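An overview of the molecular structure
Here is what each chain is made of, one letter per residue.
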Number of protein chains: 2
Amino acid sequence: MDATDIKAAIQAQREPMQALFDQLRQDGLDEPGVSRDPYGAGEQRAHATVAKAAEALGLEITRDDAANLYMTLPGRDRSAPVLVIGSHLDSVPHGGNFDGAAGVLAGLATVAGLQRLGLTPECDIVVMGIRAEESVWFQVSYIGSRGSLGTLPDGALDVRRVDTGRTLASHMTECGGNPDALLAGSKHFPDPTKIRAYLELHIEQAPSLIEAGRSVAICTGIPGNFRFADAWIEGQHDHVGLPRRFRHDAAIAGAEFAIALDTLWADYDEQGIPMACTLGRFHTDPAAHGLTIVPGAFYFSLDVRAYDETVLAGLEDKVHRIIEGIEQRRGVRFHLGAKARAAVGLVDPAIKAGLEAAAADHHIPVLHIGSPASHDAAAFGAVGVPMGMIFVRNANGSHNPYEAMTIDDFLDGTLVLFQWVMRDLKNSIA
Amino acid sequence: MDATDIKAAIQAQREPMQALFDQLRQDGLDEPGVSRDPYGAGEQRAHATVAKAAEALGLEITRDDAANLYMTLPGRDRSAPVLVIGSHLDSVPHGGNFDGAAGVLAGLATVAGLQRLGLTPECDIVVMGIRAEESVWFQVSYIGSRGSLGTLPDGALDVRRVDTGRTLASHMTECGGNPDALLAGSKHFPDPTKIRAYLELHIEQAPSLIEAGRSVAICTGIPGNFRFADAWIEGQHDHVGLPRRFRHDAAIAGAEFAIALDTLWADYDEQGIPMACTLGRFHTDPAAHGLTIVPGAFYFSLDVRAYDETVLAGLEDKVHRIIEGIEQRRGVRFHLGAKARAAVGLVDPAIKAGLEAAAADHHIPVLHIGSPASHDAAAFGAVGVPMGMIFVRNANGSHNPYEAMTIDDFLDGTLVLFQWVMRDLKNSIA
């Protein structure tokens, strides 16, 4: 099998994959952009469309208690550890068409490529359509992948979707899941100990590839994070004319917090230590605020991420010290609320080297970047599954309607993935 | 008439005024606190209660096209320039019972005191219950007083109350006003050229009197202000993992703006130049913000106030320079929207001296303070009416449910006002 045949097998997926992307966009249309609400109507339509495409390829369709979708190309040895290629099928509200879905379609294209070449791998190849990765909805990360792996945090099934106010358990049941079985420790599919590797292709959510003029990047790591989804600052509501020395302005305290974090980030940038810090919600109380009232309460969410657990622990310590300083100076009180924590996702060195070799086989120049975002791959890595990721060039960022990945770049990334599968399975593919 | 008789005439108002305050609180009850919504049900009830009390005193009741309430003790010469004692009867949502109302009741107590002493002044004394002073509702300041004086800004009748979405004209009509006549330049009552002086008693909205341990302050000036009620910052919505160098975070830009203003204020404080600066609304977009989205838009209101027109102009210039710097550094754009402007209110030196003498007559030690807040008195000052103000000690600030003025302090402030009337009218009172 030479490189030309391999490339042709992926190029042959251009039209079916373009049609599938178009159908998914139509399924999720919610102008501007698409909304594939997790465990809701939007995600359901995406699952149905993808499952239908998989059926057309003759794949086995199964689902687990978390309602994740498994589309399996059977191997010659059904008991051998499986290769999982997956990503998520939900989106943020009014998001783009590619964040998540591209990775699932890359899996389908890979399987279709093998079929086109008439190859049957030794082990099963499982294309996984993962549920509820976008934490903006339930404010819990990796719900689908951790549900499948048995690592959902305590209480996760009771959290409520921010728009509907209904629990994850309720949404999950509605979409064919079985939260009671998940709680009881249902047998998971695939069993983490029976996963040979987890591979995920995803659009890049920053413009590093655009900046570098390349189509594909190999992931060097996935950030861990700590998050406070519902924090607030308690100050004192006062009259607009109150002299400065008497004020306990919660909004100014919030501003000082934001600028201290931004300054900290700039310092880390200068030292070359990658991290990110986002105050996604950052607001006075809509019911109480007004032109002539000094804000007595201020609300925010905080997400801090880094690629090293020690760095992350150091950042958390610094955040607390910043808060103590502001509380003392401004006579306000921070209420951070519940903390969520996601572990750093370490990329398997052999997979990373294999992906580099695969790209070289096809003369595709790659960038090496730490993932700007969190991904389900980290949940697999956290239970010891060797994992790797491929990023595809994408303009205008993600989590917005203006994501722009070209089908050419998608096929470049998918070719790297496919070539890696060919190399990885070369001793077992028949 | 000796000081003991004069003081007794005001002390006699303790019970009726306490009863009137209690009735007003009950009228406006909207836990926590009171809501006397301007040109709405809350303010209407307060006007009815106060008018009833004025009728019981035998005062003449009239209203103008802006639906302000005039309660007149006729003088011996009905054509002589009148003395106006007034304040507003509206409140912020869930505000306290005293902000505004105390000044109207002080006027009634003054008139009742004259009646008790059997005195008829040469000129009319007009107690004025002013409409819609609290700009949080219509985001326009001094609506009632400027309506009465014919100085409402263009377009003010078309602005909408933030809670109801209905225009000022519509609200005004509903409350017995005549916006068409106002627009046509109705004859105003009282004619500004026929006002001898405007006096206003108001609770202090900062704790300077508490800090100083005194009950009464004489106002040295009312701040002018410039305001941007509906400003916003245009950045770029992005993914939570986007590296810092690619971000155009509107919320961080807002935070930088807030801290720059706070630092500027601290500098002015150190130089002893009084000013104040408030970002009452300060928020990401509730429809778009979330834990994992870098905020692409940020909204705020700004109120900057000072006691000197030159200082105010300098501050406005500095605000624009701060904005330019942030726009350049962060690649965002500020949209300030419509600017509102209120002129500095200069206290009449003779009235101020007269109030000091009146306090000294009764051995009431006073503080001299610039008003922290804006007041209707400034609207009278702006058209050349000699004006003065008295502040009464009040705990817990204002514009909140916890305002706390004691009846003793109220009577101290009212006694200073009453003594000033006695001194001012001494040659004409019979």
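Residues numbered from 1 in each chain as written. Chains lettered and ligands numbered in written order. Predicted model: local features only at pLDDT ≥ 70, side-chain atom pairs only at ≥ 80, totals over all residues. Heavy atoms only, no water.

**Some words on the interface of chain A and chain B**
Contact residues are listed per partner, giving 61 residues for chain A and 61 residues for chain B. Between chain A and chain B the total buried area reaches about 5000 Å² when both faces are included, carbon and sulfur atoms providing 64% of it. Of all residues in chain A, His-239, Arg-244 and Leu-291 of chain A bury the most surface against chain B, accounting for 16% of the area lost on that side. Inspection of the region where chain A meets chain B yields 6 salt bridges. The partner of Glu-211 of chain B in a salt bridge is Arg-245 of chain A, with the nearest N and O atoms 3.0 Å apart. Joining chain A to chain B, the criterion identifies 18 residue pairs in polar contact (both at pLDDT 80 or more). The dominant element in the side of chain A that touches chain B, judged by the number of residues it contributes, is helix α10 (residues 250-271) of chain A, at 10 residues. Its residues assigned to classes, the side of chain A that touches chain B shows 28 nonpolar, 20 polar and 13 charged. (Contact = heavy atoms within 4.5 Å. Buried area = accessible area lost by both parts, 1.4 Å probe. Salt bridge = Lys/Arg side-chain N within 4 Å of Asp/Glu carboxyl O. Polar contact = N/O pair within 3.5 Å; in protein donor to acceptor, adjacent residues only side chain to side chain. Helix = DSSP H or I, 4+ residues; strand = E, 2+ residues; numbered from the N terminus. Nonpolar A, V, L, I, M, F, W, Y, C, P; charged D, E, K, R; others polar.)

**Thoughts on the relation of the copies chain A and chain B**
Of the transformation placing chain A onto chain B, the axial shift is 0.0 Å and the rotation is 180°, giving an RMSD of 0.1 Å. Such a turn and shift between the copies fits a two-fold axis. When the interface residues of chain A are mapped onto chain B, 100% of them again lie at the interface, so the same face is used by both copies. (Least-squares fit on C-alpha atoms with pLDDT ≥ 70 in both.)

**A word on helix α3 (residues 41-56) of chain B**
Residue and element names in this part refer to chain B. The first and last C-alpha atoms of α3 sit 23 Å apart over 16 residues, in line with the 22 Å expected at 1.5 Å per residue. What α3 keeps buried is the set Gly-42, Glu-43, Ala-46, His-47, Thr-49, Val-50, Ala-51 and Ala-54. The elements touched by buried residues of α3 are α2 (14-28), β1 (60-63), β2 (69-73), α4 (101-116) and β4 (125-130). (Expected span 1.5 Å × (residues − 1). Buried < 20%, exposed > 50% of the residue type's maximum accessible area, 1.4 Å probe, protein only.)

**Observations regarding the environment of Val-383 of chain A**
All names here are of chain A. Note on placement: Val-383 falls in the loop between α13 (376-382) and β17 (387-392). For the pair formed by Val-383 and Gly-150, sequence separation is 233 residues and the distance between their alpha carbons is 9.6 Å. Apart from the residues lying within four places of it in its own chain, the contact partners of Val-383 are Leu-149, Thr-151 and Pro-192.

**A few points about unusual backbone geometry**
Only a minority of non-glycine residues have a phi that is not negative, and only a minority of peptide bonds are not trans. Here the bond from Glu-31 of chain A into Pro-32 of chain A is cis, since omega is -10°, no more than 30 degrees from zero. In this fold, Pro-32 of chain A is placed in the loop between α2 (14-28) and α3 (41-56). The residue His-94 of chain A is not glycine, and still its phi comes out positive at about 55°. Tracing the backbone through its elements, the reader meets His-94 of chain A in the loop between β3 (82-88) and α4 (101-116). For His-94 of chain A, a relative accessible area of 30% gives the class partly exposed. Despite not being glycine, Ala-132 of chain B has its phi angle at roughly 45°, a positive value.

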